[in-house]
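Here is how the chains run, residue by residue.
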Amino acid sequence: MLIEMRDIERVYHLGRSEDVHALRGVSFGVERGEWVAIVGQSGSGKSTLMNIVGCLDTPTAGHYLLNGRDVAQLSDDDLSDIRNREIGFVFQTFQLLPRESALNNVELPLVYRGVKARERRQRAKAALRQVGLGDRMRHLPTELSGGQRQRVAVARALVSEPSLLLADEPTGNLDSATGEEIMRLFEQLHRQGHTLCLVTHEPRLAARCPRAIRLRDGCIVADGPGREVAFADLPDAARAAAPVTAPQDNAPRSAATRCP
Amino acid sequence: MSLRVDLYEGARIAVLSLGLNRLRTLLTTLGIGIGVATLLCILGIVQGLNASFATQLSALGSSTLWVSKFPWVITGDKWWIYRNRKDFTLDDVQAIREQSRFAAAVAPEIGRGGSVSYGDRGLSRVRIIGSTGDYLTVSGFEIQSGRAITDADSEYRKNVVVIGADLVDTLFPHSDPIGAVIRLRDLPFEVVGTLVRRGKFLGESQDTSVIIPFRTFIADYGKRRGFEIGVAVENTDLLNQAEDELIGIIRRSRGTPPEAESDFEVNRSEQLAKTYQQLTAALYGVAIGVGGITLLVGGFGIMNIMLVSVRERTREIGVRRALGARRRTVIVQFLLEAVAVAAVGGAIGTIVGLAGAKLVASITPLAAAVDPSTVLFGVGFSSLVGLLFGIWPAARAAALDPVESLRWE
Ligand SMILES: Nc1ncnc2c1ncn2[C@@H]1O[C@H](COP(=O)(O)OP(=O)(O)OP(=O)(O)O)[C@@H](O)[C@H]1O
Ligand SMILES: [Mg+2]
């Protein structure tokens, strides 16, 4: 088992009494080579979960075993090294360094791995070509469109050939054609044996993943084949869109601190 | 990840951010620059003083003992006591000549100020020195052309004179001074020689002296003046023994009873050097104080700008940490940036400081010299300040939580 989550909770303390229970007891496992979509409404805790999986954040309670090792036992330097070597992260908000060129951005994980400059450059260029940005390498993020930035972020996550790729809405800003390219890239990586976690709003994309997990208010409400989980919630979503019940979305969150 | 990689990447980022925030960098470095400039300027002047003092001191003859009623460095208000001491006589000089085993040359020195003229040219505030044949050895003066004053000149009270380089310049711009007759305080003297230029010492020209025979001086300018006796010692290592011997000889010659204290002083250039060193130590103190405070202020400027930089780049720090940068990597990055800012300030300060020292040297009589180690010191020291004041901001950057940093707006 690559990822093993046991009763993971994440509480954000805001001020004196206000606690936000972003995750309220999440348990699941991911085998090496799996491709899991994580779906759920906005604010359901998807990004929070991804941060914990990616060793960026630590749970308030529960155990997270990565590759059999309890992450809570690892030192800060160990976590840095795991993020660098094992994990590729595509952030929901890209998180490119604004003052560095696309190429330098993509090179960054390799810099921290200590890869020699020449090899670094070659691998970064290859990764950028892979996402169709072979002609934009010297551009600064501000000189790129939203979709192009997202692709730079994808290239940066791929360049270190991580065993675990975490992508938070990697196609959110892309037109369907480019989004499709990224999806094909993921399919290819999946076939090559990489483990992928993909957060998405689009049921259509989640349906293409072999497995999907649905979060609601910090709890897993469905875990199964992508095709089934992706569309199961549609009535829910339709309900959420209706003004009458919309406030209810927030109501139970503060009430219960644990999943039912 | 190795420290080498940390340093390399850190240096690259530091240069990049210096380039991106040019104006801000410049303003920040101003504080440290001013500190370094002040330090270098004062140090340059002190070093210049040292250099000229050293040459002057050696010209004074480090191996000469000067026997006088007065000590060179008078402390307190004992001046009248010294003044009322008995004057030396030529018998004392003779006694030293005959009895000292260490003395290589002995000469009395008597002096006064006066003006000199030749035709319609003139020079005032000239120092007129009366002495004998050994005077050159004792005083460190050298003959440029012609000859020196001899014992015979003194014996026969000849009206001959050896003149300093400034007098040659002023009185004889176009002609040969040798053989010319000049007027010293309205008495005619024939120029028989000229002296090698000595230059300035603490802003005073050392070349406005004229030397005339000792007895001529006494006859022409008064008997009642006291004089000093210069005793050149051959071997500088034996200066202490020579001094002891000298004291004995003079006490006997002056008839000082054995139990009485000596009523004269034996001076040497070392004493001047000591006083001088006390003076420059105070100057160094001021330089270090002023420079230190400015550097401190500059250091806080750097700390401030680094804290701003850390705040501004919180997201960047989050990204770097997310991609595998360790805390140490972040620390190294911001430390290097602080050092780079400080070093730029140090370099600017060094240039300004050197220019300032040069300027001081050219518009005031003070000499200013800067040796290369001072420049290294300027840049090195400011880098150190940057390092010290960068620690806290860098530590804060490293302590940031990655997720929180990534959410920073
Ligand atoms: N740093 C934080 N401080 C306080 N509350 C937070 C913090 N991060 C997340 N939350 C809260 O935790 C809950 C889950 O947030 P999260 O970002 O995981 O949602 P999400 O599923 O990724 O949503 P979206 O689809 O909009 O990205 C939200 O209610 C959010 O307000
Ligand atoms: Mg999210």
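None of the values given here were measured: they were computed from a predicted structure. (Residues numbered from 1 in each chain as written. Chains lettered and ligands numbered in written order. Predicted model: local features only at pLDDT ≥ 70, side-chain atom pairs only at ≥ 80, totals over all residues. Heavy atoms only, no water.)

Once that is clear, we can look at the domain arrangement of chain B. Under the domain assignment, chain B is made up of domain 1 (2-56 + 273-406) and domain 2 (86-263). Using C-alpha coordinates to define each centre, domain 1 of chain B is positioned 53 Å away from domain 2 of chain B. (Domains from an automatic or database assignment.)

Its boundaries defined by the atoms lining it, the second largest pocket holds a volume of some 740 Å³. Taken together, 29 residues make up the lining of the second largest pocket; nearest its centre are Ser47, Thr48, Asn51 and Gln92 of chain A together with Arg407 of chain B. Residue assignment for the lining of the second largest pocket shows that the elements contributing at least two residues are β1 (3-14), β2 (18-30) and α1 (46-53) of chain A together with α14 (402-407) of chain B. (1 Å grid on protein atoms, 1.4 Å probe; cavity = no way out; pocket = protein on both sides within 12 Å on 5 of 7 lines; lining within 4 Å. Points joined across faces, edges and corners; volume = space filled by probe spheres on them. Helix = DSSP H or I, 4+ residues; strand = E, 2+ residues; numbered from the N terminus.)

What follows is about the packing of helix α5 (residues 146-158) of chain A against helix α6 (residues 176-191) of chain A. All names here are of chain A. Between α5 and α6, the shortest axis-to-axis distance is 12 Å and the interhelical angle comes to 10 degrees. One way to sum up the angle between α5 and α6 is to call them roughly parallel. Where α5 abuts α6, its residues Arg151, Val154 and Leu158 lie against Thr178, Ile182, Leu185, Phe186 and Leu189. (Axes fitted to C-alpha atoms, helices over the stretch in contact; angles between N-to-C directions. Parallel < 35°, antiparallel > 145°, perpendicular 65-115°, else oblique. Contact = heavy atoms within 4.5 Å.)

Residues and elements named next belong to chain B. Residues Val160 and Val162 of strand β5 (residues 160-163) are buried on one face, and the alternating residues Val161 and Ile163, pointing to the opposite face, are buried as well. As judged from the four bridges shared by β5 and strand β7 (residues 187-195), these two strands associate in the parallel manner. Its bridge partner being in β7, valine 161 is matched across the sheet by valine 191. In terms of strand pairing, β5 meets strand β10 (residues 209-213) through two bridges, oriented antiparallel. In the strand pairing of β10, valine 162 is matched with isoleucine 211. (Buried < 20%, exposed > 50% of the residue type's maximum accessible area, 1.4 Å probe, protein only. Pairing = 2+ DSSP bridges.)

It is worth spelling out helix α4 (residues 117-130) of chain A at this point. Structural remark: α-helix, 3.6 residues per turn; residues separated by three or four positions point the same way. Residue and element names in this part refer to chain A. The end-to-end C-alpha distance of α4 is 20 Å, a good match for the 20 Å that 14 residues give at a rise of 1.5 Å each. Check the buried side of α4 and you find it contacts α3 (102-113) and α5. After α4 finishes, the residue glycine 132 shows a positive phi value of roughly 80 degrees. (Expected span 1.5 Å × (residues − 1).)

With that settled, consider the environment of valine 290 of chain B. Its location among the elements puts valine 290 of chain B in helix α10 (residues 269-312). Linking valine 290 of chain B and glycine 35 of chain B, residues 255 residues apart in sequence, is a C-alpha distance of 7.6 Å.

Our next topic: the coordination of the magnesium ion (ligand 2). Residues and elements named next belong to chain A. Taken together, Ser47 (OG) and Gln92 (OE1) make up the protein donors of the magnesium ion (ligand 2), found 1.9 to 2.3 Å from the metal. Residue serine 47 is found in helix α1, and its partner glutamine 92 is found in the loop between β6 (87-90) and α3; the two are separated by 45 residues along the sequence. Taking relative accessible area as the criterion, serine 47 reaches 25% and is therefore assigned partly exposed. According to the relative accessible area criterion, glutamine 92 is partly exposed, its value standing at 38%. (Donors = N, O, S within 2.8 Å, 3.2 Å for Na, K, Ca; no water.)

A few words on helix α4 (residues 90-99) of chain B. Residue and element names in this part refer to chain B. Looking only at α4, the buried set comprises Asp92, Val93, Ala95 and Ile96. The arc that holds the buried residues of α4, viewed along the axis, is 160 degrees, so those residues lie on one side. Seen from the buried face of α4, the exposed residues on the opposite side, beyond 90 degrees, are Asp91 and Glu98. Taken together, the buried residues of α4 touch β2 (103-118), β11 (228-233) and α9 (239-254). (Arc of directions from axis to C-beta.)

Residue and element names in this part refer to chain A. The strand order across the open sheet formed by six strands is β6-β7-β8-β3-β9-β10, and the pairing between neighbours is mixed. Two strands close off the open sheet at either side, each with one partner strand: β6 and β10 (219-224). Here the average twist between neighbouring strands, direction ignored, is 15 degrees. Note that strand β7 (residues 164-168) and strand β8 (residues 195-199) share five bridges and pair parallel. Along β8, the bridge assignment pairs leucine 165 with leucine 196. α6 rests against β3 (35-40), β7 and β8 of the sheet, and its axis sits at about 150 degrees to β8.

Take the interface of chain A and chain B next. Across the contact, 23 residues belong to chain A and 24 residues belong to chain B. Together, the buried faces of chain A and chain B total about 2400 Å²; carbon and sulfur atoms form 53% of this surface. Three residues stand out in chain A for area buried against chain B, namely Gln95, Arg99 and Tyr112 of chain A, and they jointly supply 32% of the buried area on that side. Linking chain A to chain B there are seven salt bridges. One salt bridge connects glutamate 100 of chain A with arginine 320 of chain B, and the closest N-O pair in it is separated by 3.7 Å. (Buried area = accessible area lost by both parts, 1.4 Å probe. Salt bridge = Lys/Arg side-chain N within 4 Å of Asp/Glu carboxyl O.)

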